[in-house]
Amino acid sequence: MQQMAAKELKDLERWKEQQRTKPINLAPMQLGGNQSEVEVRQRQQLQLIQSKYQKKLKREEYIRIKREAEEAEIQKMKAVQREKSNKLEEKKRRQENLRREAFREHQQCKTAEFLRRLNTESPHRGTCPVAVSDPQSSASARRQAYMDSIREGSKKLQKMKDEHRQKSELLEFKREQQEEERARIHQAEHRRVNNAFLDRLQGESQPGGLQHFGGNWNMNSGNSWDI
């Protein structure tokens, strides 16, 4: 039994020795690919610039879409308000026409009543011995003066309405000019910012303007880093 145990123990030690990890011996070789450190840093800097530019473009696209949505909503609200204003203007116009019609009928009734009363009083005035004027001509003169006053009032009312309409059109024209001016200023500022960014991007892409995040690569001093 002891001999068998000793044999098994010897076999176990031999097996462990065979399974033991052997040291790895590799021939020395240069790592890091076939690009120099300068080329790698240049590529990293270019990727960083492109990433920043892409983020800027995405942000501007988001702002543009948001602004267009807001502008569409504003235009929709303006259209609703314009429709309400048109309906209100139409309602006022109908009310004004009805008022004018009622006023005209009222004036016609008053004129007819005045002429009827004048014609009724004319025979008595014709028999009066102290009458010094022609009743018919006097009635015609009063009727003419009354009609002239009505026409004068209508002219003044129409003139006031025309002035009010002209003022409204002038205010609307000024408001449109102000909106166009604000749009031009915004577009000019947007172009200025884009041009400045592109100029800076072009300057950074030159070999003398390469900068790396976390340090500056000096192209004139060989492979050196300024941290």
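Predicted model, so just to flag it, every value in this text is computed and none were measured. In every chain, residue numbers begin from 1 and rise along the written sequence. For a predicted model such as this one, the threshold for reporting local features is a pLDDT of at least 70, and the threshold for listing and counting side-chain atom pairs is 80 or more; totals across whole chains, interfaces and linings nevertheless cover every residue. Side-chain metrics rest on all non-hydrogen atoms present in the structure, leaving aside hydrogens and water.

## As for the overall build of the protein
Thinking step 1. Across its full length, the protein carries 3 helices and 2 strands.
Thinking step 2. Buried means the residue's accessible area, taken with a 1.4 Å probe over protein chains only, is under 20% of the maximum for its type, while exposed means over 50%, and partly exposed covers the values in between. A burial count over the protein gives 7% of its 227 residues as buried.
Thinking step 3. For the protein, the accessible area works out to roughly 20,100 Å², and carbon and sulfur atoms hold 55% of it. By definition, any uninterrupted DSSP run of H or I lasting at least four residues is a helix, any uninterrupted run of E lasting at least two residues is a strand, and each is numbered from the N terminus. Surface accessibility follows the Shrake-Rupley procedure with a 1.4 Å probe radius. Residue values consider only the protein chains on display as shielding.

## Some details on the layout of surface pockets
Thinking step 1. Each pocket or cavity is described by its volume, and for the largest pocket that value is around 710 Å³.
Thinking step 2. Among the elements of the structure, α2 (37–126) and α3 (135–204) are those that each provide at least two residues to the lining of the largest pocket.
Thinking step 3. For the lining of the largest pocket, the element with the most residues is α2, which contributes 13 residues.
Thinking step 4. Ten residue types, Ala, Val, Leu, Ile, Met, Phe, Trp, Tyr, Cys and Pro, are classed as nonpolar, four, Asp, Glu, Lys and Arg, as charged, and the remainder, Gly among them, as polar. Classifying every residue of the lining of the largest pocket gives 5 nonpolar, 4 polar and 13 charged.
Thinking step 5. Taken as a whole, the second largest pocket encloses approximately 610 Å³ of empty space.
Thinking step 6. Contributing to the lining of the second largest pocket are 13 residues, with Glu89, Arg93, Lys161, His164 and Arg165 lying nearest its centre. A cavity here means a set of points on a 1 Å grid, drawn over the protein atoms and nothing else, where a 1.4 Å probe fits but cannot get out; a pocket is an open set with protein on both sides within 12 Å along at least five of seven lines, and a residue lines either one if it has an atom within 4 Å of a point. Grid points are joined across faces, edges and corners, and a volume is the space filled by probe spheres set on the points.

## What to know about the pattern of salt bridges
Thinking step 1. The working definition used for a salt bridge is a side-chain nitrogen of Lys or Arg within 4 Å of a carboxyl oxygen of Asp or Glu. Counting across every chain of the model gives 18 salt bridges.
Thinking step 2. Here Lys87 ties to Glu83 by a salt bridge, and the two come within 3.6 Å at their closest N and O atoms. Residue Lys87 and its partner Glu83 are located together in helix α2, separated by 4 residues, close to a single helical turn.
Thinking step 3. The class of Lys87 is exposed, set by a relative accessible area of 55%.
Thinking step 4. Residue Glu83 is classed as partly exposed on the basis of its relative accessible area of 44%.

## A few points about the side chain of Glu96
Thinking step 1. Position of Glu96 relative to the elements: it lies in helix α2.
Thinking step 2. Assessed through its relative accessible area of 19%, Glu96 is described here as buried.
Thinking step 3. Among the polar contacts listed, one links the side chain of Glu96 to the side chain of Lys161, at a separation of 2.8 Å.
Thinking step 4. Setting aside anything within four residues of it in sequence, one finds Glu96 in contact with Leu157 and Lys161. Counted as a polar contact is a pair of N or O atoms within 3.5 Å, where, for protein atoms, one must be capable of donating a hydrogen and the other of accepting one, and residues adjacent in sequence contribute only when both atoms are in side chains. Should any heavy atoms of two residues lie within 4.5 Å, those residues are counted as being in contact.

## Re a positive patch on the surface
Thinking step 1. The patch calculation keeps residues exceeding 30% relative accessible area without a salt bridge and links them within 9 Å when they carry like charges or within 5 Å when they are nonpolar (Val, Leu, Ile, Met, Phe, Trp, Tyr). Positive charges are assigned to Lys and Arg, negative charges to Asp and Glu, while His and the chain termini are left out of the count. By convention, the charge on Lys lies at NZ, on Arg at CZ, on Asp at CG and on Glu at CD. Side chains of Lys52, Lys55, Lys58 and Arg200 sit close together on the surface and give a patch of like positive charge.
Thinking step 2. Ranked by residue count, the leading element in the positive patch is α2, at 3 residues.
Thinking step 3. Tracing the backbone through its elements, the reader meets Lys55 in helix α2.
Thinking step 4. On the accessibility criterion, Lys55 (56% relative accessible area) is exposed.

## Some words on the packing of aromatic side chains
Thinking step 1. A pair of Phe, Tyr and Trp rings is counted when the ring centres sit within 6.5 Å of each other, with Trp represented by its six-membered ring. The angle between the planes then sorts it: under 30 degrees is stacked, over 60 is edge-to-face, the rest tilted. Per the counting criterion, the structure on display carries 1 aromatic pair.
Thinking step 2. Our definition puts a charge over a ring when NZ of Lys or CZ of Arg is within 6 Å of the ring centre and also within 35 degrees of the ring normal. Taking NZ or CZ as reference, Lys56 lies 4.9 Å from the ring centre of Phe197, over its face.

## A word on a nonpolar patch on the surface
Thinking step 1. A contiguous nonpolar patch, built from Leu9, Leu12 and Trp15 and spanning about 320 Å² of accessible area, is present on the exposed surface.
Thinking step 2. By the secondary structure assignment, Trp15 is in helix α1 (residues 2–19).

## Let's talk about the confidence of the model for the protein
Thinking step 1. Values of pLDDT, which run from 0 to 100, indicate the predictor's confidence residue by residue. Confidence in the prediction of the protein, expressed as mean pLDDT, is 78, and 79% of residues score 70 or more.
Thinking step 2. Here residues 124–133 is modelled with pLDDT under 50, and outside its nearest four sequence neighbours on either side it reaches 4 contacts, counting other chains as well.
Thinking step 3. Counted against residues more than four places away or in other chains, residues 209–227, with its pLDDT under 50, gives 32 contacts.

## Topic: the environment of Glu68
Thinking step 1. Relative to the assigned elements, Glu68 resides in helix α2.
Thinking step 2. Within polar-contact distance, the side chain of Glu68 engages the side chain of Arg64 at 2.6 Å.

## Observations regarding α1
Thinking step 1. Between the first and last residue of a helix there are one fewer steps than residues, each counted as 1.5 Å, and that sum is the expected span. Over its 18 residues, α1 runs 26 Å from end to end, which matches the ideal 26 Å to within 8%, given 1.5 Å per residue.
Thinking step 2. Burial within α1 is sparse, with just 0 of its 18 residues counted as buried.

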